[in-house]
Amino acid sequence: MYKKILLFIRFLLYLSCIGTDVTDDYVEPTLRITSPQIISIKVGQKFQFTAKYFDTSGTQIDNPNLIWTVSPPDALTIDDNGFATATKDGLATIQVSVVTALGTTISAETSFPVREVVVITETATMTTDTATTTSTTSGTASNTTDSNTSTSTTGSGTATTTPNTATSTTNTSTTIGDDDVVVTAPQSYQGTIQTTSSYVLTGSYEYGLNDAGQLVLDIAADYLASKALPGLYVYLTNNPNSPSGGYKIGEVTVFSGAHSYILPSSIDVNDYKYILYWCKPFSVKVGDSTIF
Amino acid sequence: MDSKKRNGILYKVGAWFLEADQHYTDQGLLDPNATRGVFVISVYGRHGISDRITLVGYIPFTRVYQNEQVFTSGNPGQPGEAVNSLGDIDLTVEIQILKRPRWVLATSLTLGIPSGNNSGGSDGSYQTGDGEFNQILKVLAGTSFKIAKHSFYAKASVGFNNRSNGFSDEIRLGIETGSQLFKNKFLLLARLNTIQSFFNGSLSAENSNGSIFANNVEVTNLGGEINYFITKKWSASFGYSVPLSGKNIYKAPAVSGGIAYKL
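Residues numbered from 1 in each chain as written. Chains lettered and ligands numbered in written order. Predicted model: local features only at pLDDT ≥ 70, side-chain atom pairs only at ≥ 80, totals over all residues. Heavy atoms only, no water.

Engineer: Teacher, can you tell me more about the overall build of chain B here?
Structural biologist: Broken down by element type, chain B carries zero helices and 15 strands. The C-alpha atoms of chain B give a radius of gyration of 20 Å, which matches the 18 Å a tight globule of 263 residues would have. Along the first, second and third principal axes, the C-alpha set of chain B runs to 65 × 40 × 30 Å. For chain B, buried positions account for 43% of its 263 residues. With an accessible surface of roughly 13,300 Å², chain B has 60% of that area assigned to carbon and sulfur atoms. (Helix = DSSP H or I, 4+ residues; strand = E, 2+ residues; numbered from the N terminus. Rg over C-alpha atoms; globule rule 2.2 N^0.38 Å. Buried < 20%, exposed > 50% of the residue type's maximum accessible area, 1.4 Å probe, protein only. Areas by Shrake-Rupley, 256 points an atom, 1.4 Å probe, with all protein chains shown as cover.)

Pasting the structure below:
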């Protein structure tokens, strides 16, 4: 009898051993142009393009072997480090590519006009809607903004820009004079946090630099999160399935209404593509938003 | 009432186990979670100090664990973790109010001693107790009857759990029926229990210090149990229950077993 009891207890103890849960957090490798979006550049001016490469875990790879090209070839000159000089009036496209660990080539590109003369006399507003970029100006006509200005990412030679109806971007450039010759769009993004679980989590936000030059995640008054799930953290990440490799903003302590997170100066506005809400005790994603 | 007349003693060593990779949310919907397990070894005792008064004690030793979390990308996951500690001890006094040939009416008061760990583990979520003082007042009614010359019993209970420290109060309902089989060598029973919250507590994720399922727990469980009477004094039991619905609680079947000794 006692041996049977001991055997039964040993069986029950075996049931309570710690096992392993495996989560598939694969993401497509991405290459992202992180330098500010050019609205217009004057012939003869120089500009430093930058790009970052993220592998299948969403981790940024240091010092990738980037290949920069320009189209048409006489529009700009660009060196191996992405340093470009505008040379000829017209629409130009900068493309950067990298060979992934899987042997495939992925690329990203940005297009913008090169002008002999750049003048903006009124405020310009640019709105990003799904996969296309358009821009308009008001007041005195100018040739600074151009509906051909856009940025896209391609993989293996095929355009794969994904429309994102949850995110829109509104950029406003300030009035400049003739002496200012490279017009770049201020980078701020607006979007909506959405639940990916059965817990309530919703709210709109704006992500970008504030007047003091700080990078801020401003969550609006319509934000609402369930109070039933403690251990909720918010991250910036390049892998929407995992907080690993991301930046932990902090534990969620506000469950309704407007609030802000001021981010460290070491983070650039284009460093992270996703906002991720993660339940740490349960190790599951609760909600997210694609920033851009 | 003859308080000097004893009404039997029973001791039971039991085990209870649950492992869940999903849970009921606050909306009563199902969501996934990292696999968590709860394993309890308990000592249970009943001591009738008279025909009408019985003292009951329940001492659990609880293990709460979570599986290691691994990402296919190789990104750092989360190591597995476990906490072993004494759980919340229940002390109960049962009083028989009325006894008729086929009916019995009783009441009980259970004091849930917060002897468990309500903030165990690296993030405080490995709880072996809720950290508050439960006071459960219950009324029970039981009867026996026959169907086709076969004897059955049935009982029903309604209880109110007055909770402290910002927890919501609860109402607890239960029904149970069973019958002895095979020359009374086996007792087979079925149970339906439910806990419903009044949602009147103040505790939430804003102030619960990382605990999971801190408050407003609801669950309806359907279960069965088979008892085998090895001798007149020794018996063994095996139970199985499944949650039918719930809020803020794991969704997984629970298995239990035990060895009882009756004096």
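Engineer: Is there a simple way to explain the pairing of strand E10 (residues 170-181) of chain B in this structure?
Structural biologist: As a general feature of sheets, a regular strand has side chains that alternate between the two faces. Residues and elements named next belong to chain B. Sheet topology note: the strand E9 (residues 150-162)/E10 ladder contains nine bridges and is antiparallel. Each bridged residue has a counterpart across the sheet, and for Tyr153 the counterpart in E10 is Gly178. With 12 bridges joining them, E10 and strand E11 (residues 186-197) adopt antiparallel strand pairing. Residue Gly174 lies in a different strand from E11, and its bridge partner there is Asn193. The hairpin turn running from E10 into E11, its antiparallel successor, is four residues long, and Phe182 in that turn takes a positive phi close to 50°. (Pairing = 2+ DSSP bridges.)

Engineer: Can you walk me through the pattern of salt bridges in this structure?
Structural biologist: Once the charged atoms of two side chains with opposite charge are near each other, the side chains can pair. Enumeration according to the criterion identifies 10 salt bridges over all chains in this entry. The partner of A:Lys285 in a salt bridge is A:Asp288, and the shortest N-O contact between them spans 2.8 Å. On the accessibility criterion, A:Asp288 (11% relative accessible area) is buried. The salt bridge involving B:Glu176 is made with B:Arg191; its shortest N-O contact spans 3.0 Å. (Salt bridge = Lys/Arg side-chain N within 4 Å of Asp/Glu carboxyl O.)

Engineer: Got a minute to help me understand the side chain of A:Lys52 in this structure?
Structural biologist: Residues and elements named next belong to chain A. Positionally, Lys52 belongs in strand E5 (residues 51-54). With a relative accessible area of 18%, Lys52 lands in the buried category. Polar contacts involving the side chain of Lys52 include one to the side chain of Asp271, which spans 2.3 Å. Among residues more than four places away in sequence, those in contact with Lys52 are Thr30, Leu31, Arg32, Thr34, Gln60 and Asp271. (Polar contact = N/O pair within 3.5 Å; in protein donor to acceptor, adjacent residues only side chain to side chain. Contact = heavy atoms within 4.5 Å.)

Engineer: I would appreciate a short explanation of the sheet that holds strand E8 (residues 83-86) of chain A in the present structure.
Structural biologist: Either a parallel or an antiparallel arrangement is found when strands of a sheet pair, and the pairing is made through backbone hydrogen bonds. All names here are of chain A. Within the open sheet, the three strands sit side by side as E4-E8-E7. Their pairing is antiparallel. Where the open sheet ends on each side, the last strands, each with one partner, are strand E4 (46-48) and strand E7 (76-78). This sheet shows a mean twist of 20° between the axes of neighbouring strands, independent of strand direction. Bridge count between E7 and E8: three bridges; the pairing is antiparallel. Each residue of the ladder has a partner; that of Ile78, found in E8, is Ala84. (Axes fitted to C-alpha atoms, helices over the stretch in contact; angles between N-to-C directions.)

Engineer: Could you clarify how one ought to interpret the nonpolar core in this entry?
Structural biologist: Inside soluble globular proteins, nonpolar side chains tend to come together where they are buried. Counting residues in each nonpolar core, the largest one holds 36 residues, and the members touching the most others are A:Tyr207 and A:Tyr277. Those elements that provide at least two residues to this core are strand E17 (188-195), strand E18 (201-209), strand E19 (215-219), strand E21 (232-237), strand E23 (259-263), strand E24 (274-279) and strand E25 (284-290) of chain A together with strand E1 (9-24) of chain B. When residues no more than four places from it in sequence are discounted, the contact partners of A:Tyr277 are A:Ile193, A:Leu201, A:Ile219, A:Tyr223, A:Leu232, A:Tyr233, A:Val234, A:Val252, A:Val284, A:Lys285, A:Val286 and A:Gly287. (Core = buried A, V, L, I, M, F, W, Y, C linked by side-chain atoms within 4.5 Å.)

Engineer: Help me out: how do you make sense of the environment of A:Gly231 in this one?
Structural biologist: All names here are of chain A. Positionally, Gly231 belongs in the loop between strand E20 (224-225) and E21. Sequence-wise, Gly231 and Ala101 are 130 residues apart; in three dimensions their C-alpha atoms are separated by 35 Å. Once residues within four sequence positions are removed from consideration, Gly231 is found in contact with Glu251, Trp278, Cys279, Lys280 and Pro281.

Engineer: Looking at this structure, I do not really get the interface of chain A and chain B. What am I missing?
Structural biologist: Many descriptions give the size of an interface as the accessible area lost when the pieces come together. The interface of chain A with chain B comprises 42 residues on the first partner and 48 residues on the second. Surface buried jointly by chain A and chain B totals about 3,600 Å² across both partners, of which 60% is contributed by carbon and sulfur atoms. Its largest share of buried area at the contact with chain B, chain A owes to A:Ile18, A:Asp21 and A:Phe282, together 19% of the area lost on that side. At the surface where chain A touches chain B, the tally comes to zero salt bridges. The element that contributes the greatest number of residues to the side of chain A that touches chain B is helix H1 (residues 2-15) of chain A, accounting for five residues. Across the side of chain A that touches chain B, the residue classes tally to 21 nonpolar, 16 polar and five charged. Bridge count between strand E1 (residues 20-23) of chain A and strand E4 (residues 68-71) of chain B: four bridges; the pairing is parallel. (Buried area = accessible area lost by both parts, 1.4 Å probe. Nonpolar A, V, L, I, M, F, W, Y, C, P; charged D, E, K, R; others polar.)

Engineer: Explain the packing of aromatic side chains here, please?
Structural biologist: Two aromatic rings are characterised by how far apart their centres lie and by the angle between their planes. By the definition in use, this model includes 12 aromatic pairs over all chains. Seen in terms of ring centroids, B:Phe17 and B:Phe39 are 6.3 Å apart; in terms of plane orientation they differ by 65°. Their pairing is edge-to-face. Here B:Phe17 is found in strand E1, whereas its partner B:Phe39 is found in strand E2 (residues 30-48), with 22 residues between them in sequence. No difference in accessibility class separates B:Phe17 from B:Phe39, as the two residues are buried. Across the ring face of A:Tyr233, the terminal group of A:Lys280 is positioned such that the distance to the ring centre comes to 5.2 Å. Here B:Arg36 stacks its cationic end above the ring of B:Tyr126, 4.2 Å away from the centre of that ring. (Phe/Tyr/Trp six-rings, centres within 6.5 Å; stacked < 30°, edge-to-face > 60°. Lys NZ or Arg CZ within 6 Å of the ring centre and 35° of its normal.)

Engineer: Mind showing me how you'd approach a nonpolar patch on the surface here?
Structural biologist: Residues and elements named next belong to chain B. Taken together, Val139, Val158, Phe160, Ile171, Leu173 and Phe198 make up a surface patch of nonpolar side chains, about 450 Å² in accessible area. Going through the elements one at a time, E9 and E10 are the ones with two or more residues in the nonpolar patch. With respect to the helices and strands, the residue Val158 is situated in strand E9. On the basis of relative accessible area, Val158 is assigned to the partly exposed category, the value being 38%. (Patch = residues over 30% accessible without salt bridge, like charges linked within 9 Å, V, L, I, M, F, W, Y side chains within 5 Å.)

Treat this as a map of the structure, not an account of what it does.
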